[in-house]
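# Residue-level structural notes
The primary structure of each chain is shown beneath.
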Amino acid sequence: MIAFNNHSIANIIGASVLQQGPKLNITYLSTDSRTIVSGPETLFFALVSDRNNGHDYLRKAYEKGVRSFVISNEKKNLVKYPDATFLLVEDTLTALQQLAAARRNQFEGNVIGITGSNGKTIVKEWLSELLVDDYKIIRSPKSYNSQIGVPHSLWLLDNQADMAFIEAGISQPGEMEKLQQMIKPRYGIITNIGEAHQANFESTEQKIAEKLKLFNEAEVIIYCKDYSGIDQAVQKMVTEKGICPVSWSMMDETADLFIYFVQKIPEGCGIIGQVKEKQYAISIPFSDDASVENAITCLAALIAIGKEQDQVLNRFSTLMPVAMRMEIKQGINQCIIINDSYSSDINSLAIALDTLDQQASQGFMPKTLVLSDIFYSSKSDEELYREVAQLIKLRSIERFIGIGANLKKHRELFGDNAIFFSSTADFLANLTSIGLQNEVVLLKGAREYHFDQIASILQAKAHETVLEIDLSAMIHNLNHFRSKLSKETKIMAMVKAFSYGSGMAEIARLLEFHQVNYLAVAIADEGVALRKAGITIPIVIMNPEEHSFDMMFEHLLEPNIYSTRLLEQFLHSAQRNAVCNFPIHVKIDTGMKRLGFDSEEEIKYLLEKVKRGNVLHISSVFTHLAASDDPSEDGFTQIQFHRFEKLAKMIQSQTEHHVMLHALNSAGIERFVQHQYDMVRLGIGLYGISQVNQEALQNVSTLKTTISQIRKVSKGETIGYGRKGNAGKEMLIATLPIGYADGFNRRLSQGVGKVWINGKLAPVVGNVCMDMCMVDVNGIEAHEGDRVVVFGAEYPASEMAKALDTIPYEVFTSISQRVKRVYFQE
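Anyway, here's the lowdown on the structure attached to this text.

Conventions we followed
- Residues numbered from 1 in each chain as written.
- Predicted model: local features only at pLDDT ≥ 70, side-chain atom pairs only at ≥ 80, totals over all residues.
- Heavy atoms only, no water.
- Helix = DSSP H or I, 4+ residues; strand = E, 2+ residues; numbered from the N terminus.
- Rg over C-alpha atoms; globule rule 2.2 N^0.38 Å.
- Buried < 20%, exposed > 50% of the residue type's maximum accessible area, 1.4 Å probe, protein only.
- Areas by Shrake-Rupley, 256 points an atom, 1.4 Å probe, with all protein chains shown as cover.
- 1 Å grid on protein atoms, 1.4 Å probe; cavity = no way out; pocket = protein on both sides within 12 Å on 5 of 7 lines; lining within 4 Å.
- Points joined across faces, edges and corners; volume = space filled by probe spheres on them.
- Nonpolar A, V, L, I, M, F, W, Y, C, P; charged D, E, K, R; others polar.
- Contact = heavy atoms within 4.5 Å.
- Pairing = 2+ DSSP bridges.
- Axes fitted to C-alpha atoms, helices over the stretch in contact; angles between N-to-C directions.
- Parallel < 35°, antiparallel > 145°, perpendicular 65-115°, else oblique.
- Salt bridge = Lys/Arg side-chain N within 4 Å of Asp/Glu carboxyl O.
- Phe/Tyr/Trp six-rings, centres within 6.5 Å; stacked < 30°, edge-to-face > 60°.
- Lys NZ or Arg CZ within 6 Å of the ring centre and 35° of its normal.
- Core = buried A, V, L, I, M, F, W, Y, C linked by side-chain atoms within 4.5 Å.
- Polar contact = N/O pair within 3.5 Å; in protein donor to acceptor, adjacent residues only side chain to side chain.

A few words now on the overall build of the protein. Looking only at helices and strands, the protein has 27 helices and 39 strands in total. Here the protein has a C-alpha radius of gyration of 29 Å; the compact-globule value for 826 residues is 28 Å, and the two agree. Projected onto its principal axes, the C-alpha positions of the protein cover 90 × 85 × 60 Å. Out of the 826 residues belonging to the protein, those deemed buried represent 57%. Of the roughly 34,600 Å² of accessible surface on the protein, a fraction of 47% belongs to carbon and sulfur atoms.

Further remarks concern the layout of surface pockets. A probe matching the size of a water molecule, rolled over the atoms, marks out where space remains unfilled. In this structure, the second largest pocket encloses a volume near 930 Å³. Together, 39 residues line the second largest pocket, and His624, Asn665, Ile684, Ile807 and Tyr809 are the ones closest to its centre. Those elements giving two or more residues to the lining of the second largest pocket turn out to be helix H18 (496–500), helix H25 (666–671), strand E29 (679–682), helix H26 (797–804) and helix H27 (808–813). The biggest single contributor to the lining of the second largest pocket is H26, with 4 residues. Class assignment for the residues of the lining of the second largest pocket results in 18 nonpolar, 13 polar and 8 charged.

Looking at the secondary structure, you find Ile403 in strand E18 (residues 399–403). A residue is classified by how much of its surface remains accessible, and Ile403, at 0% relative accessible area, is buried. Remark: the alpha-carbon pair of Ile403 and Asn25, spanning 378 residues in sequence, is separated by 33 Å. The contacts of Ile403, once residues within four sequence positions are left out, are Val370, Leu371, Ser372, Asp373, Phe421, Ser423, Thr424, Phe427, Tyr449, Phe451 and Ile454.

If you trace the 9 strands from one edge of the open sheet to the other, you get E7-E8-E6-E9-E10-E11-E12-E13-E14, paired in mixed fashion. A strand with exactly one partner marks an edge of an open sheet, and here the two such strands are strand E7 (137–139) and strand E14 (278–284). For this sheet, the mean angle separating the axes of adjacent strands, direction not counted, is 20°. As paired strands, strand E6 (residues 110–115) and strand E9 (residues 187–190) are joined by 4 bridges and run parallel to one another. Counterpart to Ile114 in the pairing with E9 is Ile189. Here helix H4 (residues 120–131) sits on the sheet in contact with E6, E7, strand E8 (163–167) and E9, set at roughly 170° to E8.

Another point: the packing of helix H22 (residues 564–576) against helix H23 (residues 600–611). Running from N to C, H22 and H23 point in directions that differ by 5°, and their axes come no closer than 11 Å. Our classification of the angle between H22 and H23 gives roughly parallel. Here H22 contributes Thr564, Leu567, Glu568 and Leu571 to the contact with H23, which in turn contributes Glu602, Tyr605, Leu606, Lys609 and Val610. Broken down by class, the residue content of the contact of H22 with H23 amounts to 5 nonpolar, 1 polar and 3 charged.

Attention now goes to the pairing of strand E38 (residues 787–791). Here E38 lies mainly inside the structure; 4 of its 5 residues are buried. Sheet topology places strand E30 (residues 701–706) next to E38; 4 bridges connect them, and they run antiparallel. Note that in E38 the partner of Leu703 across the bridge is Phe791.

Moving on to the pattern of salt bridges. Opposite charge on two side chains permits them to pair, given that their charged atoms come into close proximity. Under the defined criterion, the tally for this structure stands at 31 salt bridges. Across the pair Arg395 and Asp357 runs a salt bridge whose closest N-O atoms are separated by 3.0 Å. With Arg395 in the loop between helix H12 (381–394) and E18 and Asp357 in helix H11 (residues 346–360), this pair connects stretches of sequence that are 38 residues apart. Classification of Arg395 by relative accessible area gives buried; the value is 6%. Across the pair Asp550 and Arg576 runs a salt bridge whose closest N-O atoms are separated by 3.5 Å.

Further remarks concern the packing of aromatic side chains. For the structure on display, the rule yields 19 aromatic pairs. Ring centres of Phe421 and Phe427 lie 5.7 Å apart, and the angle between their planes is 75°; this geometry places the pair in the edge-to-face category. Here Phe421 matches Phe427 in class, with each residue buried. Taken together through their ring pairs, the aromatic side chains of Phe44, Tyr62, Phe69, Tyr81 and Phe86 make up a single cluster. Of note, Arg34 hangs over the ring of Phe513, and the distance from its end group to the ring centre comes to 4.2 Å. Here the basic side chain of Arg67 rests over the ring of Tyr62, its NZ or CZ set 3.7 Å away from the ring centre.

Moving on to the nonpolar core. Phe414 and Leu519 are the most contacted members of the largest nonpolar core, which has 134 residues in total. Those residues in contact with Phe414 that sit more than four places away from it in its chain are Tyr385, Val388, Ala389, Ile392, Phe400, Leu407 and Phe420. Judged by nonpolar contacts, the second largest core, of 41 residues, contains Cys224, Ile284, Ile305 and Val322.

For E30, the buried fraction is high: 6 of the 6 residues fall into the buried class. Taking every second residue as pointing to the same face, both faces of E30 are buried, with Ser701, Leu703 and Thr705 on one and Thr702, Lys704 and Thr706 on the other.

A few words now on the environment of Gly194. The topology assignment puts Gly194 in the loop between E9 and helix H7 (204–212). Expressed as a C-alpha distance, the spacing of Gly194 and Asn216, which sit 22 residues apart in the sequence, is 21 Å. If sequence neighbours within four positions are ignored, Gly194 has contacts with Ser117 and Lys207.

This model, assessed by the stated rule, comprises 2 cavities of 30 Å³ or more. Considered as a void within the structure, the largest cavity measures approximately 40 Å³ in volume. Forming the walls of the largest cavity are Gly743, Asn745, Met800, Leu804, Thr806, Glu810, Val811 and Ser814. For the lining of the largest cavity, the elements supplying multiple residues, two or more each, are H26 and H27. In the lining of the largest cavity, the residues fall into 3 nonpolar, 4 polar and 1 charged. The volume enclosed by the second largest cavity comes to roughly 30 Å³. Lining the second largest cavity, in full, are Ile112, Leu127, Leu131, Phe165, Ile189, Ile222, Ala301 and Ile305. If you list the elements that add at least two residues to the lining of the second largest cavity, you get H4 and helix H9 (289–305). Class assignment for the residues of the lining of the second largest cavity results in 8 nonpolar, no polar and no charged.

For the rest of this paragraph, the subject is the sheet that holds strand E1 (residues 16–19). Spatial strand order, E1-E5-E4-E3-E2: 5 strands in an open sheet with mixed pairing. Looking at which strands have only one partner, the edges of the open sheet turn out to be E1 and strand E2 (28–30). With strand direction ignored, the average angle separating the axes of adjacent strands in the sheet is 25°. Looking at chain direction, strand E4 (residues 68–71) and strand E5 (residues 85–88) are connected through 4 bridges and run parallel. From the neighbouring strand, Ile71 faces E5, where its bridge partner is Leu88. Packing of helix H3 (residues 92–106) onto the sheet brings it into contact with E2, strand E3 (42–45) and E4, and relative to E3 it is tilted by some 145°.

Bringing the side chain of Thr92 into the picture now. Turning to its location among the elements, Thr92 is positioned in helix H3. A polar contact of 2.9 Å, which involves the side chain of Thr92, links it to the backbone oxygen of Ala46. Setting aside residues up to four positions removed in sequence, Thr92 forms contacts with Phe45, Ala46, Leu47, Val48, Val70, Ile71 and Ser72.

Given below as structure tokens:
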């Protein structure tokens, strides 16, 4: 394909050249200064959104070697950026999309566009797997299907490839036209239609019509005729645009592909369909309805492009599950294990390395990459592995371990510190001698290499009860609250109490990466642990204790000063440690009656002490709202704001620097955003709980366990300690390996508590034991080894809290640290 350089791109995107540096070929596009790989080869787009402005990060990008920029603010002082090229456009996102469209127009292969509410990524991955032996394929990395993600996907196009699978996702009307102008698919696939983002559309019919705009210039569209709304909309397109439909159905014999036989067994599913007089039979190693539907969509697509030969159809039986999430787990020998065997190609590797950097916390832990041979590439092996080696060098990977014959063949590209193994079994046989310890390990392997075996051995062992933490959902929640704030308002994220049970260091790394301004913990020990984990942003200690003051000075942990006694203690210790202008945060009690200064006399005394010398520096003044989530107490909340502003202004008027104010917690952000002041404190909302707008948040924490044993209990028999469970009839009960030592409260005994098993609620029978409990599975299709959701999206923690007559905070923070935390990102 024609190479792009920072000079020629100006004409493509209609830019004015504000400053022209040397001509540089552009290999990478960046919209995030944190993930820049090779600065001189990168074109940085300063995107502008409601909450963020890429122009604020030009200096960071420049310091990483970037010398090519697309901006929309002509008032930027460019003197600070000698030898850099600056291209001025009206809208940087539009410019990014125009450049992606130019890249697409150079591509000579077939482009298959995929949209729909669910199944897009799975269909894309399965089609790639089914066709990998017949075509050189490029596909969207992970779920890069948005207004920003699609341009990054299209930038990967290369005329060495025969075919490209590109996802397209929208959340509101007007978005798909822009994606269509970039992707311009020859073939189109719409998987289905669901409730995702429905609130942004007037009707389901409008959403279908918007999604189908992706195929305005397509030749063929593949879809399921059983979705009547999609069928009607497609038929309209056939009439108006002459597009060729390829439909499938399990109900309508007039469909192009009619599925007349589906047989499910525990090991998988057999599917038979026909097109006119020709039969097609496939088997898949899955039996759930979604997988069956996705497999049939793939079959219809193969028929549409003329690749339905037996050797291709036979590959359905070896399809691998698509793990659409990256898991982050505690590993053996104080390691962190990142398991991203979801896909193995050069593009997804670059994305996974961003997470490796994030978890390594800016160099505090060594980085190790374990990589298998890469099968999905349009490049020659020599070109591919040279690019991999360059990527490893640019990312400063301390240790590289290659697994597979092709990597071993190209070992000279990777330097003397790299080691290679012929197979996964060979690697595992030598694991002890490798000596992984206190490092972040990224596992990136093609499915054929079964890296799940490596992950299983490297992760720290724990019992079958786990707490899954959805990091993508947490960032969604963070952005939800950010969207309510002005751009200047800072965020203090509460990570006390082991991040509400979610795991402190892992959550702190994520929040630091996503640029929260402060973290807050309860005690100094928690802050020290975060500093040792590599966290560098300011940390506030909400409950400072005198014995920990020296640690706080050593690790730059900022105290909440809430009384004259604490002030005097901390000031004395600060003087003894000869510190200067050490930041403190002053708490005012406005009605909570827990901690804080509450009178003008106390404030005057505080100011007198602080102004005497330059020992302490008041960074912020704050208060705690007692009932911000309760509309019936809004009068009292307004009284709190009034009291706070009165006392806080006394402090501000007596200090020469700006003192930040903050009062709002999660509920306060949603209900009293006019009082956001300089900063807000985001706590339980970050973890997916809201008393105001629960629908806007995503579930973050899912507590899961398994069924250890199922047994029949005869009428009249008793169950559990104290014989408190009585069988009034013949029962089927399941024993679960979770008890009150894990945080499953004993008050959930005797039917108070419930768990979710295969789509139904199962009540607790008898008393909860220390390490186990029993539940009633009558009427539930349950088997030993089945997964059980204790709380999560299916059965929210708020419901468990209601059963316990408590709040979700207590449910989350009660989960024992012996329960393994598993982190994942979509």
